[in-house]
Amino acid sequence: MPSNLHLLTRACAAAALLALLPPHAGVSPCPPESEAAVSAGWKAYRADSMSVAGRHFLRAERLCPDNLDARVGLGYVALRQDRVATADSLFRSVVQRDSLNGDAWDGLTQSSWRRGDRTAALNAGRRALRLHPDNAATRSVLGQLDPDWDRPASDRSPRPETLRVDARTQGDAFQIPDGGGWRGFYANGVNMGVALPGKFPSEFPPDSATYAGWFEMLSAMHANTLRLYTILPPSFYRALRGWNRTHSDAPLWLVHGVWTELPPDHHFNDSTWKAGFRAEMRRVVDLLHGNAKIPKLAGHAGGRYDADVSRWVLAFIIGREWEPYAVKDFDQRNPSPAPYHGRFLETVGVVPAADGWMAEQCDYLLGYEANIYNTIRPIAYTNWPTLDPLTHPTEASGDEEAAWRRKAGRTPVRDPIEYENDVIGLDAMLVRATPQNPAGWFASYHAYPYYPDFLLYDPGYDTARSSEGRSNFFGYLSELKRHHAGIPLLLSEYGVPSSRGVAHLQPQGWHHGGHDEIAMARIDARLTREIRESGAAGGIIFAWIDEWFKKNWIVIDYERPLENTRQWHNVLDAEQHYGILGMYAGHANSTPRLGGMAARWRGLPLLMENATAAAGQPNRIRVGSDESYVYVAVEFAGLAGQPFPWQERSLLVALDSYRAGLGQLRPGGAIESEVGFEFAASFRDTSDAELRIVPGYSPYVGGEAIVEGDDYGRFARRPITTVPLRDDRFDSMFVITNRARFARDGRFIPASGYNRGRLRYGTAVESSLSDWWWDADTGILQLRLPWGLINVSDPSTRTLLYERRVGDSIGTATSDGMRFGVLLLDRPASPATAETLIGALPTAAGGRWRRAQFPDWTWPAWTEPQYHARLKPVYDSLRELWGRWE
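Since the model is a prediction, treat every value here as computed from it, not as a measurement. (Residues numbered from 1 in each chain as written. Predicted model: local features only at pLDDT ≥ 70, side-chain atom pairs only at ≥ 80, totals over all residues. Heavy atoms only, no water.)

Colleague: Got a sec to walk through helix α12 (residues 324–333)? Specific residues and values, please.
Modeller: Taken residue by residue, α12 has Pro 324, Ala 326, Val 327, Phe 330 and Asp 331 as its buried positions. Taken around the axis of α12, the buried residues stretch over an arc of 165 degrees, which confines them to a single face. (Buried < 20%, exposed > 50% of the residue type's maximum accessible area, 1.4 Å probe, protein only. Helix = DSSP H or I, 4+ residues; strand = E, 2+ residues; numbered from the N terminus. Arc of directions from axis to C-beta.)

Take a look at the structure:
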């Protein structure tokens, strides 16, 4: 794990530990002056004056070399001053002379921990707690090193004689034990996706310290619930047990999932697949009770699970987001299902096959935990709007869509799966708890404000209002809750991402992406409030960290090779940007940031220079990169300390991404070039800047599809290629996000989208989505270009999009380097008059650029990404909100 993230998590715990004071030392045989100096030393220590404290302790030791209390004080001062080796030596010298000095053992625990000596820290901590059992600082250290340090491996909660209920539902809410009774519990939760950059989704952090640091941040955020989709390593559960045992007044409750993929051929009763799903249920139950040894297999966590966290498990949610077409196939194959009557769950009469199947699997899990551990808790299956039991008047089926298209003379839908969002449903109200089930039953939904399309278009949702104003999302939640009256409705996924790219548009602007981090915080806080206002039993926001391996429909075809998405952070991919704890490319102390930090931009490698450039002319280009962006710094001679003259001048930064002979050979219409350019970034003023692309090389069909291309298959363009051009044409980078469709009543809803090539002006402080900035202090144009925006499909292997012919998959090529050029253009008074060239880099003698003038820029490939972590503003917005709800 990179040291920067390790320090982030470790610091959260260490800051609290080092602020705690050791117990006051006992009686010293030394003279009163030495004792008085020790007392003065501790007084200064408590006042956070380490230099003064050190002088007092040193004086006490000089007055009495046998004063071990003074030496202990010097050790704690050394710890606070990060002189860990000195502190460790002082504490060791004390315990060698006095093995009963608890203060020294406490200090040795901390110094050993900070040196990374896990064994020494555990040994010292155990000795310390025998002398000072209530020392919270030492307990916290041991809890992070090994949450089960104080119990034998076989020490599990004994099987209760009567059925133990760890949590339950009561009406529309959850309840948890409170002394001898019960109290209401509203889930303020976070989904724990935990794959760090560079890792596959099944490669989990192995050490308890990472999880313990996260728990500290989550607890400080006032989260009370964590949701897991699948089994994590034993270190997670050990850390959770350690955390909850030392924070019993505000533990972190767990909602645990049981993961599975879809069954083969949508046959949910396939014996092999079903047996595997149930085996996973048993593993989950066993590990939560600290009673599992799971072999480590590819793609799965494993090991010895000996931390019993069962008393802090709020509920189970089984399965994944089931696909409508799979549920539809299963129901059609089983047209005459029988009612299900289980031990703990039963159906309300005869229900569709899939509903009965879900009840049966949930009942199996409850029965296993009850039989083996005599324990029970609430349970649900995963559901989402595409399978809700409601009727949506604007959501046509694939057959209905095709019929309306034929009637209107439009192209029939070739792939109807995306349209099957109201054909079939799963209904939690068709299942109920039996009298033998005191824990209850609930409904779990993943619900986002921007999808499916019926959330955008249904008239009832489109006119709905929460206490904060118009909200399609609140309208949907309110109807969903009305349907599920009498049982808890848990929103187990929700949120918006802070990505530059947008995958779906929403009426209130709560899009699937396109939000800077400040907007993300504002929207997520409002969604959180509206979930509670709707009457739901809680909300679990998605997600704790940005996970780079994730993929989204609008860009997935262009991230190639697909298994390498984990190696780079595609800022156009909305799915990679839901995190509360952001995972950012590069090093925190060297990554260029827009606005200020001129040294970082000047520190980029120099690509090209014109030492004799006249005042106002571009004279240097510097280029660098990280796992998210290409950074371009264009310096201008004589403009330091001045604003750029946008009223008189415009700029064009041209980029040749592949093969110098291909692309636009007349960029800007003002120059002839032997280098062809695939991209041109045009800057006319701070409100008018855009990256454009040569025709044929855009992966998307563009804005013409709004009018002409409402067919499902016409949003991607093939082949994606670049050819020599001399017509000065660069196209908009418009992309369709919401496909054209027909409502059930025949109303046509046109497609919509956005221009992802628009470049946002501003500093990084003003917006996390800023693309460029004119630094007037230095005369430097600062520009950052996302890899995906310039058709790089995997920067870690220098792979980019390029096709000679259409094949089954998108074609790629290995980069031969990139080339950059800058044109400075005169802006005439009349828009009808063409702009004229007044400067260029490299220089353009006779209005021409020669190939030899352009050095190739090649970036280094990588196998381990560099990244740093930082909490996004949404952390503070939810901390404030959840804190008020406690």
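Colleague: Tell me about the pairing of strand β5 (residues 187–191), residues and numbers included.
Modeller: With respect to burial, β5 is a largely interior element, 5 of its 5 residues being buried. In terms of strand pairing, β5 meets strand β19 (residues 538–541) through 4 bridges, oriented parallel. Note that in β19 the partner of Ala 187 across the bridge is Gly 538. The sheet contact formed by β5 and strand β6 (residues 225–228) spans 3 bridges and is parallel. Each residue of the ladder has a partner; that of Asn 191, found in β6, is Arg 227. (Pairing = 2+ DSSP bridges.)

Colleague: I'd like to hear about the packing of aromatic side chains, residue by residue, with values.
Modeller: Per the counting criterion, the structure on display carries 49 aromatic pairs. Both rings, one in Trp 42 and one in Tyr 45, keep their centres 5.4 Å apart while their planes meet at 75 degrees; by these two values the pair is edge-to-face. In this pair, Trp 42 and Tyr 45 are both assigned in helix α2 (residues 32–46), 3 residues apart and thus about one turn of the helix distant. For the pair shown, Trp 42 and Tyr 45 are each scored as buried. Seen from their ring centres, Tyr 237 and Tyr 305 are 5.7 Å apart, and the 65 degrees between their planes marks the pair as edge-to-face. Here Tyr 237 is found in helix α10 (residues 234–246), whereas its partner Tyr 305 is found in strand β9 (residues 303–305), with 68 residues between them in sequence. By relative accessible area, Tyr 237 is classed as buried at 1%. Taken together through their ring pairs, the aromatic side chains of Phe 636, Phe 644, Trp 646, Phe 683, Tyr 761, Trp 772, Trp 773 and Trp 774 make up a single cluster. Just above the ring of Tyr 186 sits the side chain of Arg 532; from NZ or CZ to the centre is 4.6 Å. Over the aromatic face of Trp 885 sits the side chain of Arg 532, whose NZ or CZ is 4.5 Å from the ring centroid. (Phe/Tyr/Trp six-rings, centres within 6.5 Å; stacked < 30°, edge-to-face > 60°. Lys NZ or Arg CZ within 6 Å of the ring centre and 35° of its normal.)

Colleague: So what about the packing of helix α4 (residues 68–80) against helix α6 (residues 102–115)? Which residues, and what values?
Modeller: The description of two helices packed together rests on the angle between their axes and the distance between the axes. At a closest axis distance of 10 Å, the pairing of α4 and α6 adopts a crossing angle of 25 degrees. The pairing of α4 with α6 is recorded here as roughly parallel in orientation. The handedness of the crossing between α4 and α6 comes out as left-handed. Contacts between α4 and α6 pair Val 72, Tyr 76 and Leu 79 from the former with Asp 103, Ala 104, Asp 106, Gly 107, Gln 110, Ser 111 and Arg 114 from the latter. (Axes fitted to C-alpha atoms, helices over the stretch in contact; angles between N-to-C directions. Parallel < 35°, antiparallel > 145°, perpendicular 65-115°, else oblique. Left-handed = near helix turned anticlockwise from the far one by under 90°. Contact = heavy atoms within 4.5 Å.)

Colleague: Outline the packing of α6 against helix α8 (residues 136–145), listing residues and values.
Modeller: Interhelical geometry of α6 versus α8 gives an angle of 35 degrees and a closest axis separation of 9 Å. You can see that α6 and α8 cross each other, and the crossing is left-handed. Facing α6, whose interface residues are Asp 106, Thr 109, Gln 110 and Trp 113, α8 presents Ala 137, Thr 138, Val 141, Gln 144 and Leu 145. Residue classes in the contact of α6 with α8 are distributed as 4 nonpolar, 4 polar and 1 charged. (Nonpolar A, V, L, I, M, F, W, Y, C, P; charged D, E, K, R; others polar.)

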